[in-house]
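Structure assessment
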Amino acid sequence: MRRLALAVLLTVACVAPAAALDLAPAERDAIGAVVQAQLDAFRRDDATEAFGYASPGIRRIFETPERFMAMVERGYAPVYRPRRVEFRDVVRYRGRITQRVRVVGPDGEPVVANYLMERQADGTWRIDGCILEEVADIGV
């Protein structure tokens, strides 16, 4: 089950462009703030805080902050230790509200991290997965 979940979460692929999304500026800001906060937690190796920004479904899959952080370290080096981070648009990607972030990983290679977002019952946003997409065009 974990292997399947990891395969779903970690997909590196070139895909069609995402569709622009009409979302209030405050909502875009809230989504970006959650993603930035998780990136900051990764930088500090704060597994508990980083895990707190994950959706309930992701937390159920990984069960503990330590397991979650181990998965991120192994499979998501570009977001775990980015050299550079550039926030892009919030779009509809694979049918989901998604914050696109262009990151340059520790290997110097750029990727787009597509953060699938999930609105909680209390109105807050949580990260429900991250799909890494190879960057064919440096301008992406």
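Think of each chain on its own: its residues are numbered from 1, step by step along the sequence as written. Residues qualify for local features only when their pLDDT is at least 70, as the model is predicted, and side-chain atom pairs are given and counted only at 80 or more; totals for whole chains, interfaces and linings, by contrast, use all residues. Here the side-chain values reflect all heavy atoms present in the structure, with hydrogen atoms and water set aside.

**So, the side chain of Gln99**
By definition, any uninterrupted DSSP run of H or I lasting at least four residues is a helix, any uninterrupted run of E lasting at least two residues is a strand, and each is numbered from the N terminus. On the secondary structure map, Gln99 appears in strand β3 (residues 96–104). Residue burial is assigned from relative accessible area. The probe radius is 1.4 Å, only protein chains are included, and a residue is buried under 20% of its type maximum, exposed over 50%, and partly exposed in between. The exposure class of Gln99 is buried, given its relative accessible area of 2%. Polar contacts, as counted here, are pairs of nitrogen or oxygen atoms within 3.5 Å of one another; within protein the pair requires one atom able to donate a hydrogen and one able to accept it, and residues that are adjacent in sequence qualify only if both atoms are side-chain atoms. Separated by 2.9 Å, the side chain of Gln99 and the backbone oxygen of Arg88 make a polar contact. Not counting chain neighbours up to four residues away, the residues in contact with Gln99 comprise Arg28, Ile31, Gly32, Val35, Phe87, Arg88, Asp89, Val90, Ala113, Asn114, Tyr115 and Met117. Whether two residues are in contact is decided by their heavy atoms, any of which lying within 4.5 Å being enough.

**Re the pattern of salt bridges**
Any Lys or Arg side-chain nitrogen located within 4 Å of an Asp or Glu carboxyl oxygen qualifies as a salt bridge. Applying the stated criterion across every chain yields a total of ten salt bridges. A salt bridge links Arg81 to Asp45, with the nearest nitrogen and oxygen atoms 2.8 Å apart. On the criterion of sequence distance, the pair formed by Arg81 in the loop between α6 (77–80) and β2 (84–93) and Asp45 in the loop between α2 (25–43) and α3 (47–52) is long-range, its members being 36 residues apart. Assessed through its relative accessible area of 42%, Asp45 is described here as partly exposed. Across the pair Glu63 and Arg67 runs a salt bridge whose closest N-O atoms are separated by 2.2 Å. Accessibility expressed as a relative area gives 49% for Glu63, which makes it partly exposed.

**Concerning empty space enclosed by the protein**
The distinction between a cavity and a pocket rests on a 1 Å grid over the protein atoms alone: a 1.4 Å probe fits inside a cavity but cannot get out, while a pocket stays open yet meets protein on both sides within 12 Å along at least five of seven lines, and a residue with an atom within 4 Å of a point counts as lining. Grid points are joined across faces, edges and corners, and a volume is the space filled by probe spheres set on the points. For the structure on display, the rule yields one cavity of 30 Å³ or more. Its volume calculated, the largest cavity comes out at about 150 Å³. As for the largest cavity, its lining consists of 14 residues, and the residues nearest its centre are Gln38, Phe68, Ile127, Gly129 and Cys130. Only α2, α5 (65–75) and β5 (125–134) provide two or more residues apiece to the lining of the largest cavity. Three classes are used, and their members are as follows: Ala, Val, Leu, Ile, Met, Phe, Trp, Tyr, Cys and Pro are nonpolar, Asp, Glu, Lys and Arg are charged, and the others, Gly among them, are polar. Taken together, the residues of the lining of the largest cavity break down into twelve nonpolar, two polar and no charged.

**Some points on the packing of aromatic side chains**
Within 6.5 Å between ring centres, the rings of Phe, Tyr and Trp (the latter by its six-membered ring) count as paired, and their orientation is classed by plane angle as stacked under 30 degrees, edge-to-face over 60, tilted in between. With the rule as written, the count across this model stands at four aromatic pairs. Ring pairs connect the aromatic residues Phe42, Phe51, Phe62, Phe68 and Tyr80, which therefore count as one cluster. Only lysine NZ and arginine CZ atoms are considered, and such an atom sits over a ring when it is within 6 Å of the ring centre and within 35 degrees of the ring normal. The ring of Tyr80 carries Arg81 above its face, with NZ or CZ at 4.0 Å from the centroid.

**Overview of the pairing of β2**
Of the pairings in the sheet, the one linking β2 to β3 comprises eight bridges and is antiparallel in character. Across the sheet, Val85 pairs through a bridge with Val103, a residue of β3. For two strands to pair, DSSP has to find at least two bridges joining them. Between β2 and the antiparallel strand that follows it, β3, lie two residues; Arg94 among them carries a positive phi value of about 50°.

**Let's talk about the nonpolar core**
Put simply, a nonpolar core is a bunch of buried Ala, Val, Leu, Ile, Met, Phe, Trp, Tyr and Cys residues held in one set by side-chain atoms that sit within 4.5 Å of each other. If you look at the biggest cluster of nonpolar residues, it comprises 34 residues, and the most contacted ones within it are Phe42, Phe68, Val79, Tyr115 and Met117. Those elements that provide at least two residues to this core are α2, α3, α4 (56–62), α5, α6, β3, β4 (110–119) and β5. In terms of residues, this core owes the most to one element, α2, which gives seven residues. Beyond its immediate chain neighbours, meaning those up to four positions away, Met117 contacts Ile31, Val34, Val35, Arg96, Ile97, Gln99, Trp125, Arg126, Ile127 and Asp128.

**A word on the environment of Glu66**
Within the secondary structure, Glu66 is located in helix α5. Accessibility expressed as a relative area gives 54% for Glu66, which makes it exposed. As for Glu66 and Ala47, which are separated by 19 residues in sequence, their C-alpha atoms are 6.1 Å apart.

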